[in-house]
Amino acid sequence: MQDALKHFKETQANGILAIGGGTALDLAKALSVLAANPQLGLADIPQQKRLEKIPLIAVPTTSGTGSEATKVTVITDTAQNRKLNPGHPALIPDAVILDPELTISMPPQITAETGLDALTHAMEAFVSTRATPISDAFALEAIRLIGNSIRTVYHEPENLKARDDMLRGSFFAGLAFSNSSTNLAHATARPLGTSFSLPHGLSVALMHPYVISFGEKAASARYAEIAKALQTENIAAYIESLNDAFQLKEAAKKRLDLEQFQSAIPTLAEDALAGNGIATNRKTPIKQDIIDIYQKLATDLLGE
């Protein structure tokens, strides 16, 4: 962050063009606010009523984070090995360009992981306790678009129609969760990804089926609408089928030391409870619930 601020000052630029995935967009969003308010740090942003900003154009090259549509920036605090996610309306980009041709170069694995992150954004936004009719409309359209295209883009990377649907789906999902919040899948994925250097989309996709199973009865009517949008009957099994099709558990096993993962589960659960997404879950978890969710993932990975 400090290098970006220094470079921006040296160039005497009067605007920011951000081209890239979620990390690039989030850095640019933080830069647009901090460059205009040098007296502030990241942690100060949410407390401000109004903030000046540098004009920002966002051009996403992945179909996953929805960062181009959200009021949150996710920045890793390397000193404490944790992710900060301050939020403020000033962090929303001033203009967005959605060009599906810019996403064609994504390899299949990144296409799958970012796409499942976007699908989780939409689904969690829809079952959030803060959901509204407007966020619901964006979430359901995102679910339909992504559900109908994610397998296609994985197998046909140059299919522009499917790429366009994924890009718009990711954007709509960003609009949805920015207004209603993500939930337990993201709350449990964040410490897992940070502690074991897993890509965010991979962490979210791994956790999502277990979180659905945990809270499905508490949001049965809403999950029924999601099932209708995805043309399926079992939502958790549907996400598991995508994880299997994209070989995500195999990818996780290559990166995870399973013994370390199991021994870290109590700490991961505490970190998950301390982050965002717990209060907006339809079924409020306690620490043991989250331990059980992590343990189910560990057991399944060991059995693969």
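Scroll up to find the structure this text is about.
The structure reproduced in this document is the subject of the present report.

Reading guide: rules and limits
- Residues numbered from 1 in each chain as written.
- Predicted model: local features only at pLDDT ≥ 70, side-chain atom pairs only at ≥ 80, totals over all residues.
- Heavy atoms only, no water.
- Core = buried A, V, L, I, M, F, W, Y, C linked by side-chain atoms within 4.5 Å.
- Buried < 20%, exposed > 50% of the residue type's maximum accessible area, 1.4 Å probe, protein only.
- Contact = heavy atoms within 4.5 Å.
- Helix = DSSP H or I, 4+ residues; strand = E, 2+ residues; numbered from the N terminus.
- Pairing = 2+ DSSP bridges.
- Right-handed = clockwise from strand over helix to strand, strands pointing away.
- Salt bridge = Lys/Arg side-chain N within 4 Å of Asp/Glu carboxyl O.
- Phe/Tyr/Trp six-rings, centres within 6.5 Å; stacked < 30°, edge-to-face > 60°.

1. Points about the nonpolar core
Phase 1 of the analysis: Formed by 73 residues in total, the largest nonpolar core has its most connected members in Leu119, Ile143, Leu192, Ile226, Phe261 and Tyr294.
Phase 2 of the analysis: If we skip the residues at most four places from it in the chain, Ile143 touches Leu119, Ala122, Met123, Ile226, Ala229 and Leu230.
Phase 3 of the analysis: Listed in part, the 20 residues of the second largest apolar core include Ile16, Leu34, Leu42 and Leu51.

2. Details of the pairing of strand 2 (residues 56–60)
Phase 1 of the analysis: Across the five residues of strand 2, four count as buried, placing the element largely inside the fold.
Phase 2 of the analysis: With five bridges joining them, strand 1 (residues 16–20) and strand 2 adopt parallel strand pairing. Paired with Ile16 across the strands is Leu56, a residue of strand 2.
Phase 3 of the analysis: After leaving strand 1, the chain enters helix 2 (residues 22–34) and then returns to the sheet as strand 2, a path that is right-handed.
Phase 4 of the analysis: Sheet analysis places strand 2 next to strand 5 (residues 95–96), joined by two bridges and oriented parallel.

3. A short note on the pattern of salt bridges
Phase 1 of the analysis: Taken as a whole and assessed by the stated rule, the structure comprises 11 salt bridges.
Phase 2 of the analysis: With its nearest N and O atoms 3.5 Å apart, the salt bridge here joins Arg144 to Glu141. With Arg144 and Glu141 both in helix 4 (residues 133–155) and three residues apart, the pair spans about one turn of that helix.
Phase 3 of the analysis: Owing to a relative accessible area of 38%, Arg144 belongs among the partly exposed residues under this scheme.
Phase 4 of the analysis: Of the charged contacts in the structure, one is a salt bridge between Lys249 and Asp300, with a shortest N-O distance of 3.9 Å. In this pair, Lys249 sits in helix 10 (residues 248–255) while Asp300 sits in helix 12 (residues 287–303), placing the two residues 51 residues apart along the sequence.
Phase 5 of the analysis: Judged by relative accessible area, Lys249 falls into the buried class, the value being 6%.
Phase 6 of the analysis: When its relative accessible area of 29% is taken as the criterion, Asp300 is described as partly exposed.

4. Quick word on the environment of Gly21
Phase 1 of the analysis: As for its placement among the helices and strands, Gly21 is situated in the loop between strand 1 and helix 2.
Phase 2 of the analysis: Residues Gly21 and Ala227 lie 206 residues apart in sequence; the distance between their C-alpha atoms is 29 Å.
Phase 3 of the analysis: Beyond its immediate stretch of four places on either side in the chain, Gly21 contacts Thr61 and Thr62.

5. Remarks on the environment of Ala36
Phase 1 of the analysis: Tracing the chain through its elements places Ala36 in the loop between helix 2 and strand 2.
Phase 2 of the analysis: Each C-alpha atom, one on Ala36 and one on Ile97, is 23 Å from the other, the two residues being 61 residues apart in sequence.
Phase 3 of the analysis: If we ignore the near neighbours within four places in the chain, the residues touching Ala36 are Glu52, Lys53 and Ile54.

6. Some points on the packing of aromatic side chains
Phase 1 of the analysis: Counted by the stated rule, this structure contains five aromatic pairs.
Phase 2 of the analysis: Residues Tyr154 and Phe246 carry aromatic rings whose centres are separated by 4.5 Å and whose planes lie at 45° to one another, so their mutual orientation is tilted. Taken together, the positions of Tyr154 in helix 4 and Phe246 in the loop between helix 9 (235–245) and helix 10 put the pair 92 residues apart, joining distant regions of the chain. When sorted by exposure, Tyr154 lands in the same class as Phe246, which is buried.
Phase 3 of the analysis: For the pair Phe171 and Phe172, a centre-to-centre distance of 6.0 Å together with 50° between the ring planes defines the contact as tilted.
Phase 4 of the analysis: An aromatic cluster is present here, built from Phe138, Phe171 and Phe172 joined pairwise through their rings.

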